[in-house]
Amino acid sequence: MPTTTLRIHHNFSTAVLRNASKLASIAVRNAPVLVRRHLRHLATLILLYIMYLRRKSVPGMVLYIALWSIPQRVLARLTGTCAAPKELDTFTAAIINGLSWVTEGTTIEHLFEVKRSLAFHSYLDGMKARFMGAKFSKVSKTAEWPVEGVWIAEEWNHIPWVSDTLPHDTFTGDMDDLVVFFFIHGGAYCFSTSEYASSHHYELMKSFNARESKSGRNKRLVVFSLEYPLAPEHKFPAQVHVAADAYKWLVSKVGAKNIIIGGDSAGGHCTISLMNNIAATPELSTLPVQPCGNIYFSPWVHAPTSWDTNAKHDIISMLGLRFTDKLVFGHLPSKTNDILEIPAEDFNIAAKGTLVIYGGSEILSDGIERFVALLKTRKMEVPGLEVYRFDGMPHCFNLVLFERVFPGAHVKGMEALNATVEFIQKLC
């Protein structure tokens, strides 16, 4: 019996090997035909795989939007199954989806990919603003003042500070007539540069200055955009300390008389933190000029709670935001980053006005509304509080999607810009 069993096993093994050999030879002979027949599908799979691996880079994002996001949105619109807000056109909705996909990274490698991409985006925005006519003057650190950033102005003689990159005379008028918008850029404290949103700033200044000229007044608006150290190399509150130095420099060295402090997203968080730091620091609170207004564009004040309803319609993702939150604030006690944990009476409020602008479809919208509600509970009323919610719009729509190529967002972005101009006029 054992001999018979061994013989059966041997015959079976021989047959398997013989058939496997035949199959292998057939596969080898037909491989070129199979490859040619399915080359298009194979190339598509390879392209999609490369796109996924490089999704945090600019080329990967472009491929994703072109090959997946736009066709998906077009099909959804045609079939009546699109869940995107009606205020957004198909192209803008696809771009928002692509940007959200890019921000889903949860590793340091992906974070630095996004950091490079957004730094390049800021550079392009700055170049576009220069082409439009904006004047830029870089401010570098000195032994006396550790301040970095860039002045952005409509005309050279609106800039109140001499620097190596300023080829003409600086502002020679009355400093009472110059309004300085001290802008702190967003990017989860990890991304972007001081040239971010430059084209928005230029349009803001042009609109304000034109209205002032038409009304016969001499006020002029100029932007100082802060360059601050980014996480993860520099953790919070390093950014607030740098902003405090810049504020002191604007008052003590530049001689600014009308200062509005504001920012978007993390820049809004930094603005609130800076305002509270000013109140808590005698060296700053006793300066002769205090902020006359605050401007918050989609401020990051609380962990997202509008995730379920707005996740697919915002430019930022929950995964990415949670990851950067740990990098920036993880070394601090729990809830240090949560603005909503601050008692309402402890907020340092600007003397003349506070403006809040945000999108109704961003994942931070619920937190922003709770922040506004918290301000309204103060015993002393917040002077000049103005709040604008733009339904269907994503995070920082008025800065990120400001271009005309995004028709739905651009219209709302211009409405937000006009509201900002009118707000600044009321302060001055």
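Now for a description of the structure that goes with this document. (Residues numbered from 1 in each chain as written. Predicted model: local features only at pLDDT ≥ 70, side-chain atom pairs only at ≥ 80, totals over all residues. Heavy atoms only, no water.)

## Observations concerning the state of the cysteines
Put simply, the test is: Pairs of cysteine sulfur atoms within 2.5 Å are what we label disulfides. Classification of residues uses two cut-offs on accessible area relative to the type maximum, computed with a 1.4 Å probe and protein chains only: under 20% is buried, over 50% is exposed, and between them is partly exposed.
Evaluation of the coordinates by the stated rule reveals zero disulfides. Here Cys292 stays free of any disulfide, with the sulfur of Cys428 as its closest cysteine sulfur at 5.5 Å. Accessibility expressed as a relative area gives 8% for Cys292, which makes it buried.

## What about the pairing of strand E6 (residues 293-297)?
Under the convention used in this document: Secondary structure is summarised from DSSP: a helix means a run of H or I of at least four residues, a strand means a run of E of at least two, and numbering begins at the N terminus for each. When DSSP finds two or more bridges between a pair of strands, those strands are recorded as paired.
Among the five residues of E6, five are classified as buried, and the element is accordingly described as predominantly covered. Pairing of strand E5 (residues 258-264) with E6, which is carried by five bridges, proceeds in the parallel orientation. Looking across to E6, one finds that Asp264 is bridged to Phe297.

## Focus: empty space enclosed by the protein
Under the convention used in this document: Put plainly, a pocket is an open set of points on a 1 Å grid over the protein atoms alone with protein on both sides within 12 Å along at least five of seven lines, a cavity is a set where a 1.4 Å probe fits but cannot get out, and a lining residue has an atom within 4 Å of a point. Grid points are joined across faces, edges and corners, and a volume is the space filled by probe spheres set on the points. Residues are grouped as follows: Ala, Val, Leu, Ile, Met, Phe, Trp, Tyr, Cys and Pro are nonpolar; Asp, Glu, Lys and Arg are charged; all remaining types, including Gly, are polar.
Tallied over the full model, the rule gives one cavity of 30 Å³ or more. Considered as a void within the structure, the largest cavity measures approximately 70 Å³ in volume. Lining the largest cavity are Ile272, Met275, Asn276, Asn294, Tyr296, Phe347, Asn348, Ile349, Ala350, Thr354, Phe371 and Leu375. Considering each element in turn, the lining of the largest cavity owes the most residues, three residues, to helix H8 (residues 266-280). Partitioning the lining of the largest cavity into residue classes produces eight nonpolar, four polar and no charged.

## Things to note about unusual backbone geometry
A cis amide bond, omega 5 degrees, links Ala231 with the succeeding residue Pro232. Examined against the element boundaries, Pro232 turns out to sit in the loop between strand E4 (220-226) and helix H7 (238-254). Here the amide bond leading from Phe236 into Pro237 is cis, since omega sits at 10 degrees, within 30 degrees of zero. Not every positive phi belongs to a glycine, and Tyr189 is a case in point at roughly 65 degrees. Structurally, Tyr189 can be placed in the loop between strand E3 (178-184) and helix H6 (198-215).

## A look at the packing of aromatic side chains
Here is the rule: Only Phe, Tyr and Trp rings take part, Trp by its six-membered ring, and two of them pair if their centres are within 6.5 Å. Stacked means planes under 30 degrees apart, edge-to-face means over 60, and tilted covers everything else. Over a ring means this: the NZ of a Lys or the CZ of an Arg is within 6 Å of the ring centre and within 35 degrees of the ring normal.
With the rule as written, the count across this model stands at 15 aromatic pairs. Ring centres of Trp300 and Phe329 lie 5.7 Å apart, and the angle between their planes is 70 degrees; this geometry places the pair in the edge-to-face category. With Trp300 in the loop between E6 and helix H10 (307-310) and Phe329 in helix H11 (residues 318-329), the pair connects residues that are 29 residues apart, well separated along the chain. Here Trp300 and Phe329 have matching classes, each one buried. The structure contains a cluster of three or more aromatic residues connected by ring pairs, namely Tyr189, Tyr228, Phe236, Trp300 and Phe329. A cation over an aromatic ring shows up here: Arg130 above the ring of Phe136, its NZ or CZ 4.0 Å from the ring centre.

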